[in-house]
Amino acid sequence: MTALQGWLDQPGVTIVLIGALVGIAASLLGAFLVLRRESMLSDAISHSVLLGIVLAYLLTGTLDSPLHVAGAALAGLGTVWLTDLLVRSRRVKTDAAIGLVFPALFALAVLLINVYARDVHLDTDAVLLGEIAFAWLDEVQVGGLEVARSLVTMLVITLVNVLFVVVLYKELKLATFDAQLATALGLRPALVGYALLGLVSVTAVGAFDAVGAILFVAFVIVPPTAAYLLTDRLWRMLAIGCAIAVGSSLGGYAAARALDVSIGGAMASTTGLFLLVALLLGKHGLVVRTRRRGAPRAPAPVGSVATPVAPGPIAEPARERRA
Amino acid sequence: MELFGLLGDFTVRTVALGAALVGVVAGVLGSFALLRQQSLLGDALSHAALPGVCLGFLLAGSRRLEPILAGALITGALAALLVMLLTRTTRIKTDAALGVSLSLFFAVGTVLLTYLQRHQGAAQAGLDAFLFGQAAALVPRDLRVLGLIGAVALLAVALTWKELKVTTFDADFARSLGRPVVAIEFGLTVMIAIAVVIGLQLVGVILMVALVIAPAAAARQWARRLEGMVLLAALFGAVSGVTGALVSASVRGLATGPLIVLVASALVAVSLLLAPGRGVAWQLAQAASQRRSLRAHRLLVDLYRLGLAHDDPRYRSEQGMLDAYFGGRTAHVLRRLQRRGLVERVEHMPEEGAHWLLTDAGLQQARALLEPFGTRPADSSAGAARAGPASRADSSDGGAGAGAASSADAPAAEAGASGADEPLGGGR
């Protein structure tokens, strides 16, 4: 016990653990978002979660009430719902709807902070950079141990996300790859989608303190995308995503210590290095593809005709199976 | 009005001019981004400007605007290239590519920002202002730089207008005309990056995407042609910019960027609700008026049919029976028809309540309504009975009887006129 306490008392351990938990929680959900082509919704959610946090703060006057998480989750789901509403009105396209809703909510949140919450720890820099460096200062008692509050929060959120993915694995898989079949089997893929995005919102709140709202997006999107280039199996994609997240937390912390820069930013940047490696060496990466193209029985030249750059149906459920 | 009184102040005038300029350029180029469904590219471009801002500052060693803007433009273009590389050479989809590009560039940006703040003494240089925008930081020299860049971008749009238009709406057609579509698309992306970059100082990297999308999305609701949309988007952008900048200048401590974005978002909301033709309120009103006129037409035809069934074009129908035949309450519809002089109310027998009959004008209109559908005697069962609203066609004996009777008794002129036409019934 005392050995564990001594270990936890080192700020570095706490920081790396929090970063790893944020990464695992985010990339587990992110894998499904990437496959459903809804990645940019995580960007939208991570911005508008701030509005929920600010409103909860204005209502309760504190920054760590249960209302805090509930408000943020509601704001996240509200963003998704508003975006959906705009798309269904058929007056703007999906990409524009996403880009209209979250900046408006985020702008409102920033102004509310400007007006009402000037003096609290909710300053706008924290929104962007996170304060993982100070996470170990705020501790709570858990089973005789002094543990950083953020660590406990992120541990709970991560466990919830792991449970969600394990228990609903089949449903999530089917809703992601074949929403029509899922509907035919009575699985309510839309409900699964909202549950997924609700958990993304909750995770964003937890991550908000650690790495900041926007860097959270890196943890949601980049590790699963890198894993997507490495494997064709869903469970492997999830596992690789988690491994990359943990590696980024370790590597990012070391880099941030060496250069004395933002720890959250360094962790998020490190995910990019993993993506670069996957991009070059992965099963679906550039080197393999180029070599395959150079082989005698080369397939028809891929990408010879310029493919359109228009974004795919982001908020719509993926219609195709993964190749 | 107090707001506009501020325009007398020199600093405020500078800021308002700058905001108007930013709004105009973002509105014009945002229109193309919106129509090409590339709105979120603006998001990636604006987040990706952060490392460029820091690099520009680092290399120039001062807060001069030109190197900072050049840096932002370069990293923005790199982010766009990364998106293109990922989507064209791997199986990563556009949304993930945008997210990757946005978050990684921004992450590197925060690393650079904290590095500069802790090592280069940049904390006082106000680089933070580029996150959410700061109106007060704009000086006339900056305005000239921004004006020059903006003018170049607008001039480029004007000169390549036809190419931009055809590439936006039909890239395949443009390619078949031999236009360099890839070059045009790349140029457009660079120009959108320029629009983002010149707004950084006023709106900030996080919210600049809104100023690219919102004015264009609002303008799209009012305009049917590209020319009108682009001009309107420029106007909306300018209005948002000036209003936001003025409010920010008059109330201490309110960041400029969020204010401008909120004004632009409000314009979008108003446009979605009220724009003629596309607006939600407009379409609701139109649907209501169509429902009204459809009800009126149905009732006229019903009265006419009842007349035919009774061998009396001026047959007096009892209101309760009309309700049953019409399948709903008819009192308000009848009153409207009465005001237009198409039906007449008579007290047939006092204890039986109101009776209604068609006036000459009403008779004429009912015939005119039925004419395009034709009422050939031979098609009595299939055609005429279903010429009325489908809901009633198969239900009551009265309906079928009236339909059959109407076609049997139809005036010869009507049957003859429509003889060549297909009866309505079969197809519906």
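To be clear, the structure that these remarks concern was listed above.
Calculation rules
Residues numbered from 1 in each chain as written. Chains lettered and ligands numbered in written order. Predicted model: local features only at pLDDT ≥ 70, side-chain atom pairs only at ≥ 80, totals over all residues. Heavy atoms only, no water. Phe/Tyr/Trp six-rings, centres within 6.5 Å; stacked < 30°, edge-to-face > 60°. Helix = DSSP H or I, 4+ residues; strand = E, 2+ residues; numbered from the N terminus. Buried < 20%, exposed > 50% of the residue type's maximum accessible area, 1.4 Å probe, protein only. Lys NZ or Arg CZ within 6 Å of the ring centre and 35° of its normal. Salt bridge = Lys/Arg side-chain N within 4 Å of Asp/Glu carboxyl O. Contact = heavy atoms within 4.5 Å. Buried area = accessible area lost by both parts, 1.4 Å probe. Polar contact = N/O pair within 3.5 Å; in protein donor to acceptor, adjacent residues only side chain to side chain. Nonpolar A, V, L, I, M, F, W, Y, C, P; charged D, E, K, R; others polar. Pairing = 2+ DSSP bridges. Axes fitted to C-alpha atoms, helices over the stretch in contact; angles between N-to-C directions. Parallel < 35°, antiparallel > 145°, perpendicular 65-115°, else oblique. Left-handed = near helix turned anticlockwise from the far one by under 90°.

**Q** Looking at this structure, how should I read the packing of aromatic side chains?
**A** To describe a pair of aromatic rings, one takes the distance between the centres and the angle between the planes. Counted by the stated rule, this structure contains 1 aromatic pair over all chains. A ring pair is formed by Phe32(B) and Trp161(B), whose centres lie 6.0 Å apart and whose planes are at 75 degrees; its orientation type is edge-to-face. Of the two residues, Phe32(B) sits in helix α2 (residues 10–35) while Trp161(B) sits in helix α8 (residues 161–169), which places them 129 residues apart along the sequence. Relative accessible area serves as the criterion here: at 0%, Phe32(B) is assigned to the buried category. The positively charged end of Arg91(B) is found above the aromatic ring belonging to Tyr228(A), 4.2 Å away from the centroid. Sitting over the ring of Phe326(B), Arg298(B) keeps its end group 4.3 Å from the ring centre.

**Q** What am I meant to see in the pattern of salt bridges here?
**A** The full count for this structure, using the stated rule, is 11 salt bridges over all chains. Of the charged contacts in the structure, one is a salt bridge between Arg118(B) and Asp260(A), with a shortest N-O distance of 3.2 Å. With Arg118(B) in helix α5 (residues 94–119) and Asp260(A) in the loop between α12 (234–259) and α13 (263–281), the pair connects residues from two separate chains. Of the charged contacts, one joins Glu66(B) and Arg64(B) as a salt bridge, the two residues approaching to 3.9 Å between their closest N and O atoms. Residue classification places Glu66(B) among the partly exposed positions, given a relative accessible area of 29%. Using a relative accessible area of 46% as the deciding quantity, one classes Arg64(B) as partly exposed.

**Q** Teacher, can you tell me more about the interface of chain A and chain B here?
**A** Taken residue by residue, the interface counts 68 residues in chain A and 60 residues in chain B. Contact between chain A and chain B buries roughly 5400 Å² in total, counting both sides, with carbon and sulfur atoms accounting for 70%. Taken together, the connections running from chain A to chain B amount to 2 salt bridges. When the shortest N-O distance is used, the salt bridge between Asp232(A) and Arg91(B) registers 3.0 Å. Put simply, chain A and chain B have 14 residue pairs in polar contact (both at pLDDT 80 or more) between them. When contributions to the side of chain A that touches chain B are tallied by element, the ones reaching two or more residues are α2 (11–35), α3 (39–60), α5 (94–116), α6 (124–129), α11 (213–228), α13 and α14 (286–294) of chain A. If you tally residues by element for the side of chain A that touches chain B, the top one is α5(A), at 15 residues. Split into classes, the residues belonging to the side of chain A that touches chain B amount to 40 nonpolar, 15 polar and 13 charged.

**Q** Honestly, the sheet that holds strand β1 (residues 317–318) of chain B in this entry has me stumped. Any pointers?
**A** Two modes of strand pairing occur in sheets, parallel and antiparallel, and in both the strands are linked by backbone hydrogen bonds. Residue and element names in this part refer to chain B. Reading across from one edge, β1-β3-β2 is the order of the 3 strands in this open sheet, with antiparallel pairing throughout. Lying at the two open borders of the sheet, with one neighbouring strand each, are β1 and β2 (343–347). By the bridge criterion, 2 bridges tie β1 to strand β3 (residues 354–358) in an arrangement that is antiparallel. Bridge pairing in β3 links Ser317 to Trp356. Lying over the sheet, helix α14 (residues 280–309) contacts β1, β2 and β3, oriented at roughly 90 degrees with respect to β3. The strands that helix α16 (residues 331–339) touches are β2 and β3; relative to β2, the one it contacts most, it runs at about 115 degrees.

**Q** I would appreciate a short explanation of the packing of helix α4 (residues 66–88) of chain A against α5(A) in the present structure.
**A** The relative placement of two packed helices comes down to the angle between their axes together with the axis-to-axis distance. All names here are of chain A. At their nearest, the axes of α4 and α5 sit 9 Å apart, and the two run at 140 degrees to each other. Relative to α5, the element α4 is oriented oblique. At the point where α4 passes α5, the crossing takes the right-handed sense. Where α4 abuts α5, its residues Thr79, Leu82, Thr83, Leu86 and Val87 lie against Thr94, Ala97, Ile98, Leu100, Val101, Phe102 and Leu105. Per-class residue counts for the contact of α4 with α5 are 9 nonpolar, 3 polar and no charged.

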